[in-house]
Amino acid sequence: MTYSNDFLEQIRAACPMETIAGNYVNLIRRGRHYVCNCPFHSEKSPSCTIFPETQSFYCFGCGAGGDVITWVRRMDNLEFTDAVKQLAERCGLQVPTDREADRRAYLRTRVFAVNRETANFYFRNLISGSDKRGLQYFISRQLKPETIKKYGLGYASDSWNALTDYLLQKGFTEEELLLANVAHRSNKGNLYDAFRGRVMFPIVDTRGAVIGFGGRVLDDSQPKYLNTAKTPVFDKGSNLFSLNFAKDSSSTIMILAEGYMDVIAINQAGFSNVVATLGTAITPEHARKLSRFAKEVVIAYDSDGPGQQATQKAINRLSEVGIATRILHMTGAKDPDEYIKKYGSERFRLLLESAGDAINFRLDRCKEGLDPDTEAGKVQLLKRVVSVLAEIQNPLEREVYLSRTANKWEISAEVLHQQVERTIRSKKKLASTQAWKDIIEHTVRPEPQQPQSAIPLREYKAEERILCYVLNRPDESAWVIEQIQPDAFPTPLYRQVLEAFADSVKRQTGFSLSAMGNMLSDSEMGKLSGISARNQEIPVTAEEVKDCIRTLKNDMPSAIETDEDLLKLIQKKQHPDG
């Protein structure tokens, strides 16, 4: 049975690696990742790492690795198809047949095409249509022409069927329009446009494909914002607006804004590292996706009540995947768009640099709804404070916040320290008493590792670095296939993976190692997972990939004569100032 990459990605999204692994072993948080004693070989100290941002695992001791499907298959001694079915049943997904999978792949391609034509239609309507209200709105929001073009902004007129008629004339079927959610069917059976009288914001994925739309009314009618419903290519709970631009930022900090116009205003002001969720609170999938591109997030939500509540939810979600958070405190403006208009981009840059940390934000919110001047209010306040302080992992950091809090609320630091320590011990005791399965019971002997072939070191390293780039950034790697063919890879396993990737690019089906799970052995899956795991902190750049391609084509500069020369080149690119 062959499963589409789309279906396997649904399983991976619905069954987070850390959640599933936590049902089998005791996980320990270490920064952005989790570690555990490897269940695939005997050990006393943890060497198996769970990577939430890539939804994978890798043991640095025995070389076992893979995704959530690999984990379940090996832990429960299942065939690949049985592991997929078990996970699908767990998360309530129906396993498609081969015919259904082929049809879904075809319909996804058609939905992408519908979205592309729809975005072009809205853009032309905004720029050259007779109804200028959409263009006037964007001009009133001080958007530059180049910004409007960059984001492909558009306008849906009040017509009931302008878009529908246009797409039908282009050869799309009614079913395809309904599936893409750009049209609805009336009670009488007629099709009508899903978006009317709204300025339009195309939502683009990291490959540059339009996957959905957001629309904003120009009057006071409701709903103010309307997003594309769930389609075969779009789910607002797992996509981020403007990530297609933010992913290319050189910054390791991501700005998380609340809405489309905030993101566009911040981007126009010179900050490309900004995204927003799509009319919904941040989800675990949003957080995992952000962790792939950033080590820290500055939350720039509105300063009103709902914005502050959303900030607290975002802090919790981002903390779960190990992302440090800071909070933007705006005075004199309700949101980033208004702040930039009033004070300019340089003041906003200074505001970003002075953003406070999430712990202080949480401590400040402890007093909400309480009167600290009363004994009952102060007791309740300190209970909340103790709960926040007990969650700080670093003892030194915890002491700093503890001392500051004791001074602020005029309470003995020693008493506060005792309460925090008591809470920490209580939490540890609860955690230690939770039942977890015996590791030895699930131990599976790892397959013997294949000896490295006699491939020259510089070629071996070159193909590994290329593959690392493709595995970690498949949506951005189509250009690699244009510059090098799989048969240029000397290692059979790596060649097989690049062939599968090339096929996915040709068929526009998306790519992940999960789709190859039924074709790879345990040791092969572990080896490929290890490539990604070993390069977590030193990402491969496009320029380095181009150098590696020249290596495999025997087209290296003459100065590179030996394996050591290549290693020095790679090190120089990783540490340019060294």
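This section reports on the structure supplied with the text. Everything numeric here is computed off the predicted structure, so don't read it as measured data.

Analysis parameters
Residues numbered from 1 in each chain as written. Predicted model: local features only at pLDDT ≥ 70, side-chain atom pairs only at ≥ 80, totals over all residues. Heavy atoms only, no water. Helix = DSSP H or I, 4+ residues; strand = E, 2+ residues; numbered from the N terminus. Rg over C-alpha atoms; globule rule 2.2 N^0.38 Å. Buried < 20%, exposed > 50% of the residue type's maximum accessible area, 1.4 Å probe, protein only. Contact = heavy atoms within 4.5 Å. Lys, Arg positive; Asp, Glu negative; His and termini not counted. Charge placed at Lys NZ, Arg CZ, Asp CG, Glu CD. Pairing = 2+ DSSP bridges. Axes fitted to C-alpha atoms, helices over the stretch in contact; angles between N-to-C directions. Salt bridge = Lys/Arg side-chain N within 4 Å of Asp/Glu carboxyl O. Core = buried A, V, L, I, M, F, W, Y, C linked by side-chain atoms within 4.5 Å. Expected span 1.5 Å × (residues − 1). Polar contact = N/O pair within 3.5 Å; in protein donor to acceptor, adjacent residues only side chain to side chain. Phe/Tyr/Trp six-rings, centres within 6.5 Å; stacked < 30°, edge-to-face > 60°. Lys NZ or Arg CZ within 6 Å of the ring centre and 35° of its normal.

### Some details on the overall build of the chain
Reasoning step 1: Across its full length, the chain carries 25 helices and 16 strands.
Reasoning step 2: At 26 Å, the chain has a C-alpha radius of gyration in line with the 25 Å of a compact globule built from 578 residues.
Reasoning step 3: The proportion of buried residues among the 578 residues of the chain is 49%.
Reasoning step 4: Considering only intrachain contacts with a sequence separation of at least 6, the fraction spanning at least 24 residues in the chain is 65%.
Reasoning step 5: When the 76 basic and 75 acidic side-chain charges of the chain are each reduced to a single mean position, those positions are 2 Å apart.

### Some points on the sheet that holds strand S12 (residues 253-257)
Reasoning step 1: Strand order across the open sheet formed by 5 strands is S13-S12-S14-S15-S16, with mixed pairing between neighbours. Each having just a single partner strand, strand S13 (274-276) and strand S16 (356-357) make up the two edges of the open sheet.
Reasoning step 2: By the bridge criterion, 5 bridges tie S12 to strand S14 (residues 296-300) in an arrangement that is parallel. Counted as the bridge partner of Met254 is Val297 from S14.
Reasoning step 3: Across the face of the sheet, helix H11 (residues 260-268) comes into contact with S12 and S13 while running at roughly 175° to S13.

### Describing the pattern of salt bridges
Reasoning step 1: Enumeration according to the criterion identifies 26 salt bridges in this entry.
Reasoning step 2: With a shortest N-O distance of 3.1 Å, Arg185 and Glu174 are connected by a salt bridge. Residue Arg185 is found in strand S7 (residues 183-185), and its partner Glu174 is found in helix H9 (residues 174-180); the two are separated by 11 residues along the sequence.
Reasoning step 3: Owing to a relative accessible area of 40%, Arg185 belongs among the partly exposed residues under this scheme.
Reasoning step 4: The salt bridge partner of Asp337 is Lys341, with a shortest N-O separation of 2.3 Å. Note that Asp337 and Lys341 are positioned in helix H14 (residues 336-343) at a spacing of 4 residues, about one turn of the helix.
Reasoning step 5: Residue classification places Asp337 among the buried residues on the basis of a relative accessible area of 4%.

### Focus on the nonpolar core
Reasoning step 1: Counting 61 residues, the largest nonpolar core has Phe138, Leu153, Phe201, Phe241, Leu328 and Phe348 as the members making the most contacts within it.
Reasoning step 2: Of all the elements, helix H5 (residues 98-128) adds the most residues to this core, at 8 residues.
Reasoning step 3: If sequence neighbours within four positions are ignored, Phe348 has contacts with Ile266, Phe271, Leu328, Pro336, Tyr339 and Ile340.
Reasoning step 4: Within the second largest apolar cluster, 31 residues are counted, among which are Val470, Phe511, Leu520 and Leu528.

### Side note on helix H17 (residues 375-390)
Reasoning step 1: Between its first and last C-alpha atoms H17 spans 22 Å; for 16 residues at 1.5 Å apiece the expected length is 22 Å, and the two agree.
Reasoning step 2: Along H17, the residues that are buried comprise Gly377, Leu381, Leu382, Val385, Val386, Val388, Leu389 and Ala390.

### Brief notes about the pairing of strand S4 (residues 56-59)
Each regular strand displays side chains that alternate between the two surfaces of the sheet.
Reasoning step 1: Along S4, one buried face is formed by Ser56 and Tyr58 and the opposite face, lined by Phe57 and Cys59, is buried too.
Reasoning step 2: Pairing of strand S3 (residues 48-51) with S4, which is carried by 4 bridges, proceeds in the antiparallel orientation. Among the inter-strand pairings, Thr49 is bridged to a residue of S4, identified as Tyr58.
Reasoning step 3: Linking two consecutive strands that pair antiparallel, namely S3 and S4, is a turn of 4 residues; a positive phi of about 50° is found at Gln55 within it.
Reasoning step 4: Two elements, S4 and strand S5 (residues 65-66), share 2 bridges in a ladder whose sense is antiparallel. Bridging across to S5, Phe57 finds its partner in Gly66.
Reasoning step 5: The turn joining S4 and S5, which pair antiparallel and follow one another in sequence, is formed by 5 residues; a positive phi near 90° is taken by Gly63.

### Points about helix H12 (residues 284-293)
Reasoning step 1: Most of H12 is tucked away: 8 of the 10 residues are buried.
Reasoning step 2: Within the sequence span of H12, burial applies to Glu285, His286, Ala287, Arg288, Lys289, Leu290, Ser291 and Phe293.

### Side note on the side chain of Arg326
Reasoning step 1: Along the polypeptide, Arg326 turns up in strand S15 (residues 324-327).
Reasoning step 2: Arg326 gets classed as buried once you look at its relative accessible area, which sits at 15%.
Reasoning step 3: Only 2.9 Å separates the side chain of Arg326 from the side chain of Glu296, close enough to count as a polar contact.
Reasoning step 4: If we skip the residues at most four places from it in the chain, Arg326 touches Ile253, Glu296, Val297, Val298, Ile299, Leu352, Glu353, Ala355, Gly356, Asp357 and Ala358.

### Examining the packing of aromatic side chains
Reasoning step 1: Evaluation of the coordinates by the stated rule reveals 22 aromatic pairs.
Reasoning step 2: Relative to Tyr122, the ring of Phe121 lies with its centre 6.1 Å away and its plane at 65°, an arrangement referred to as edge-to-face. Like Tyr122, Phe121 is buried.
Reasoning step 3: An angle of 70° between the planes, with centres 5.5 Å apart, marks the rings of Phe271 and Phe348 as edge-to-face. Within this pair, whereas Phe271 is found in the loop between H11 and S13, its partner Phe348 is found in helix H15 (residues 345-353), the two being separated by 77 residues in sequence. Each member of the pair, Phe271 together with Phe348, is buried.
Reasoning step 4: One aromatic cluster in this structure is built from Tyr137, Phe138, Tyr151, Phe201, Tyr225, Phe241, Phe245 and Tyr260.
Reasoning step 5: Across from the ring centre of Phe245, 4.8 Å away, lies the NZ or CZ of Lys150, which sits over that ring.
Reasoning step 6: For Arg196, the ring lying beneath its charged end belongs to Trp160, and the centroid distance is 3.9 Å.

### Considering the environment of Val217
Reasoning step 1: As for its position among the elements, Val217 is in strand S10 (residues 210-217).
Reasoning step 2: Sequence separation between Val217 and Ile531 is 314 residues; the distance between their C-alpha atoms is 48 Å.
Reasoning step 3: Ignoring sequence-local partners within four residues, the contact set of Val217 consists of Gly197, Arg198, Pro223 and Lys224.

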